[in-house]
Amino acid sequence: FPKTIQDEATRKTAGDACFSKISSAELGYFTDGYSKFFTKNKRKMMPLINRGTWTRVFSVRTLVNNFLSKFPTDKIQIVSLGAGFDCNFFYYQENVLEFNERDLHYFEVDFEDITAQKIDIIKQHSELEELIFKDAEPSYEEGMIQTERYTLLSCDIRQVDDLEDKLVQVGLDKTIPTLVLTECVLCYMNSEDSSQIIAKIAEMFADVAIVNFEMINPNDPFGTTMVENLEARGCQLLGLKDVPDESAQVARMVDNGFQNGYCENMLRIHNSKLDETERSRIERIEMFDEFEEWDLLQSHYCICVGSKFSDSSELGF
Ligand code: SAM
């Protein structure tokens with residue numbers, strides 16, 4: 001795959017994800033002490049965006065917690081594809097006992113330059129090194145980090161055989177329960193590529209689920225404006241054409257080897273699937289009167305779960 005303008009623009013989205021997380025974490029929507037290390041620019045986001053970022057982060061964390069509880073004793077793996085500058089590994093390692101004390105491995109994969117930037121930033125912050133290396137002396141291999149619990153490596157995830165080889169080389173175990181995360185990643189590639197990635201994951205593991213967060217409904221006026229805004233920055237949501245809505249999301253999972261697929265838009269997840277106490281806590285953080293826009297915005301994002309677990313609903317949502 002030669003580097004394209006689209007790929008360049010896609011890489012830049014790693015930084016965008018950080019802005020929103022820093023803004024909402026600083027206001028107390030959720031705990032994230034580390035995204036701030038990954039960008040020099042800071043922006044206070046609108047309440048609408050902060051609340052939406054909470055919904056996204058809290059939902060993914062809820063599904064990860066559900067995965068931990070579903071396999072309380074087995075060795076497990078979490079694989080984040082297109083992990084960018086996501087700091088959830090640091091959050092779980094520091095704050096979630098069920099994670100910290102578990103026999104598990106967390107893999108993060110992104111393009112070579114994003115992985116290199118992430119490694120550089122980790123090297124500059126002993127807080128991050130301590131969470132990765134614990135008491136051991138930090139050690140870095142060429143272009144990657146590898147410890148007993150955490151691996152950060154580079155790969156263009158569209159090269160699915162290469163992805164499999166690289167992951168297996170660094171210790172991925174195809175026989176244990178595995179959760180794969182693709183958060184705001186698949187929508188940037190065409191649907192042939194995203195389908196191949198999903199099919200590869202379904203084929204690789206016996207016991208696996210994938211959690212995919214991304215935009216949907218590009219064709220109504222609100223969706224069109226969102227797509228145009230991204231395109232103005234050179235970033236096309238190539239996948240949305242063929243996977244435009246919830247049923248297409250589910251079909252992509254089921255057609256590519258997952259036994260079960262289900263999809264909810266983020267408005268329904270926010271309104272009826274998340275912890276009520278947490279929801280009422282965050283509703284008091286900022287004045288909020290953008291209700292109409294909120295409903296519209298949230299219904300343009302979804303989480304789709306594909307699962308080969310015997311009962312996929314156990315993962316939640
Ligand atoms: N998942 C992270 C999060 O939620 O914070 C980052 C999301 S960011 C919007 C999208 C990420 O996907 C970027 O870091 C980009 O480099 C990565 N990405 C997109 N296409 C990729 C590909 N073909 N191979 C590897 N990484 C890719």
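Look up a bit, the structure's there.
Residues numbered from 1 in each chain as written. Predicted model: local features only at pLDDT ≥ 70, side-chain atom pairs only at ≥ 80, totals over all residues. Heavy atoms only, no water.

### Overview of the site of the ligand
Here is step 1 of the chain: Around the ligand sit 21 residues, and of these K21, R56, G82, D110 and D156 come closest.
Here is step 2 of the chain: One of the side-chain nitrogen or oxygen atoms of D110 is found 2.6 Å away from an oxygen atom of the ligand.
Here is step 3 of the chain: In the environment of the ligand, a nitrogen atom lies 3.0 Å from a nitrogen or oxygen atom belonging to the backbone of I157.
Here is step 4 of the chain: Taken by itself the ligand offers 590 Å² of open surface, and the protein chains cover 97% of this. (Near = heavy atom within 4 Å. Polar contact = N/O pair within 3.5 Å; in protein donor to acceptor, adjacent residues only side chain to side chain. Areas by Shrake-Rupley, 256 points an atom, 1.4 Å probe, with all protein chains shown as cover.)

### Notes on helix α7 (residues 160-169)
Here is step 1 of the chain: Where α7 is concerned, the buried positions are V160, L163, E164 and L167. Down the axis of α7, the smallest arc covering the buried residues is 95 degrees, so these residues share one side. Along α7, the residues that are exposed and aim more than 90 degrees away from the buried face are D161 and Q169.
Here is step 2 of the chain: Taken together, the buried residues of α7 touch β1 (76-81), β2 (104-110), β4 (150-154) and α8 (191-204). (Buried < 20%, exposed > 50% of the residue type's maximum accessible area, 1.4 Å probe, protein only. Helix = DSSP H or I, 4+ residues; strand = E, 2+ residues; numbered from the N terminus. Arc of directions from axis to C-beta. Contact = heavy atoms within 4.5 Å.)

### Description of helix α6 (residues 126-133)
Here is step 1 of the chain: Within α6 the residues assigned to the buried category are L128, E129, L131, I132 and F133.
Here is step 2 of the chain: At its buried positions, α6 is contacted by α3 (88-95), α5 (112-124), β3 (145-146) and β4.
Here is step 3 of the chain: Backbone geometry just downstream of α6 places K134 in the positive-phi region, at approximately 50 degrees.

These results come straight from atomic positions and should not be treated as a statement about function.
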